[in-house]
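Structural overview for review
Each chain, written out:
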Amino acid sequence: MLNRRHFLSLSSAAALAGATAFPTLARAGRERLRLGLIGTGMRGQVLLKELLRRDDVEVVALCDIEPIMLGRALAMVDKHKKARPQTYGVSDAGGDPFAYRKLLEQKGLDGVIIATPWELHASMAIDAMNAKVPVGCEVVAGVTLQDHWDVLRTQQRSGTPYMLLENVCYRRDVMAVLQMVRAGLFGELVHLQGGYQHDLRAVKFNNGDPAKPYGSGVEFGAKGWSEARWRTQHSLTRNGELYPSHGIGPCAMAVNIHRGNRFTHINSFASKARGLQDYVGRKMGAKEHPNAKLGFKLGDVVTTTLACENGETILLQHDTSLPRPYSLGFRVQGTDGIWMDVNHSIHIEGRSKPHQWEDFQAYQDRYDHPLWKKYAAAAEGAGHGGMDFFVVHAFVEALKANAPMPIDIYDAVAWSAITPLSEQSIAEGFKTLAFPDFTEGLWKTRKPIFALDDRY
Ligand SMILES: NC(=O)c1ccc[n+]([C@@H]2O[C@H](COP(=O)([O-])OP(=O)(O)OC[C@H]3O[C@@H](n4cnc5c(N)ncnc54)[C@H](O)[C@@H]3O)[C@@H](O)[C@H]2O)c1
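Residues numbered from 1 in each chain as written. Predicted model: local features only at pLDDT ≥ 70, side-chain atom pairs only at ≥ 80, totals over all residues.

Comments concerning the packing of helix H7 (residues 145-158) against helix H16 (residues 409-427)
Contact geometry of H7 with H16 gives a least axis separation of 8 Å together with a crossing angle of 170 degrees. Taken as axis vectors, H7 and H16 run roughly antiparallel relative to one another. Contacts between H7 and H16 pair Leu 145, His 148, Val 151, Leu 152 and Gln 155 from the former with Ile 409, Val 413, Ser 416, Ala 417, Pro 420 and Leu 421 from the latter. Among the residues forming the contact of H7 with H16, the class breakdown is eight nonpolar, three polar and no charged. (Axes fitted to C-alpha atoms, helices over the stretch in contact; angles between N-to-C directions. Helix = DSSP H or I, 4+ residues; strand = E, 2+ residues; numbered from the N terminus. Parallel < 35°, antiparallel > 145°, perpendicular 65-115°, else oblique. Contact = placed C-beta atoms within 7 Å. Nonpolar A, V, L, I, M, F, W, Y, C, P; charged D, E, K, R; others polar.)

Dropping the structure here:
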């Protein structure tokens, strides 16, 4: 068995070589991991549930600055009859925003999951990688473009594994479509679409009551609870594609970004911003409330286009401030056919009736990904229709096997850097910008590893 130092230097060499095919690096590793979790809020608790369900993970450290959230996480540990982890972040003196650094010093930690507000991800991940603690980071990787370069450089310098925990890549239909893409059913891919189209108005505002995080009021910031406490501020001061990875992740995997392809250009357009103000003033009946008079900067619908080296275009839409049912709006289109998730349908030339949609179910059954076939029962009851099981599983299994992360540092920084680039594009009059090549040329020779078999 490899020792930890050897493992880290191998991973480092792998990261620098860039072209590491996943199976060749996979080797006997550890059977069991000791993991920590920074941020035990709403998302942290979903991830914690997945960790607690596993026999190969011991949750040995939890950190949050909010006693109620930390208390809820500990109650979950007790409910699963697991040993109580070391806790950090809350003391009689109040919350300590830097207590996570003490967690990172805890002996024998095999990895840490970060599920805190966006603006903390980059610095926490950098500190963890510098402490040689492998990172599973919730979306996003950073806020500014510089954050993304800093996260990347730290990963390269330290050689510490880093995975972006982008769960939508593991959605069952998304994975079936990836199988179909790989089998050539769509012919040569030409255009893809995705997005984050989710009415978050009731998430962005509440009355600060921990028992009612959704839709209970019109407060945000210090008077809000959970995401209203931090996420809404981004809608107030930023205008761009604020949450790109759920949409871009599956599209990027389908066209092999960083594995023979790359993003070359980006531009974004933003509509006017009306939804949040209208929600507070008219829908919640709080016309005189100061939050009804704020000028939210985030356009209600932000449309981003990316061009790829191999000629595909990818369109993303961010739409979180208007009434609408949830939909990520996926579309995969090639010379032989098209899939759209919104109507659960597909058209494959030569198989489908001309000019008609076919129901997707028969294709779902036939091309169901081996990972899903193998673990569907284990994923039963996991968050987001089961995909949260798979994203945690991938991180844990890759760490155990000392294998490269299936959603790696280059994916993380490029998918997430769409945000600052789209902000820049909008601020500069919807200008088309060159997309930075975070791989510095390695994209030409790297090979796909994501979900090639039923292991990760
Ligand atoms: N992949 C998904 O499907 C999905 C779903 C929801 C949220 N998320 C992501 O998860 C992250 C967390 O979102 P959430 O909904 O749990 O928000 P949340 O506000 O409910 O939880 C964040 C937690 O971080 C804690 N925190 C803040 N500063 C801290 C610090 N310095 N040290 C330790 N803890 C600190 C807060 O007290 C809070 O409990 C975000 O990045 C969000 O985008 C992902």
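Thoughts on the confidence of the model for the protein
Confidence in the prediction for the protein averages 93 pLDDT; 94% of positions are at 70 or higher. Counting interchain partners and residues more than four positions distant, the pLDDT-below-50 stretch residues 1-27 has 43 contacts. (pLDDT = per-residue confidence, 0-100.)

Side note on the domain arrangement of the protein
Interfaces are frequently sized by the accessible area removed from exposure as the parts join. For the protein, the domain assignment lists domain 1 (4-167) and domain 2 (169-370 + 409-444). Once you take the C-alpha centre of each, domain 1 and domain 2 turn out to be 25 Å apart. The partner domain 2 presents 22 residues to the 23 residues of domain 1 that form the contact. Contributions of two or more residues to the side of domain 1 that touches domain 2 are made by H7 and strand E8 (162-164). (Domains from an automatic or database assignment.)

Topic: the nonpolar core
Grouped together as the largest cluster of nonpolar side chains are 127 residues, with contacts concentrated most on Val 112, Ala 125 and Val 413. Considering each element in turn, this core owes the most residues, 10 residues, to helix H15 (residues 387-400). Of the domains in this structure, domain 1 (4-167) and domain 2 (169-370 + 409-444) are the two that each give at least three residues to this core. Non-local contacts of Val 112, meaning those with residues more than four positions away in its chain, are made with Leu 35, Gly 36, Ile 38, Leu 104, Ala 128, Val 133 and Val 135. (Core = buried A, V, L, I, M, F, W, Y, C linked by C-beta atoms within 7 Å. Buried ≥ 20, exposed ≤ 12 C-beta atoms within 10 Å, placed from the backbone.)

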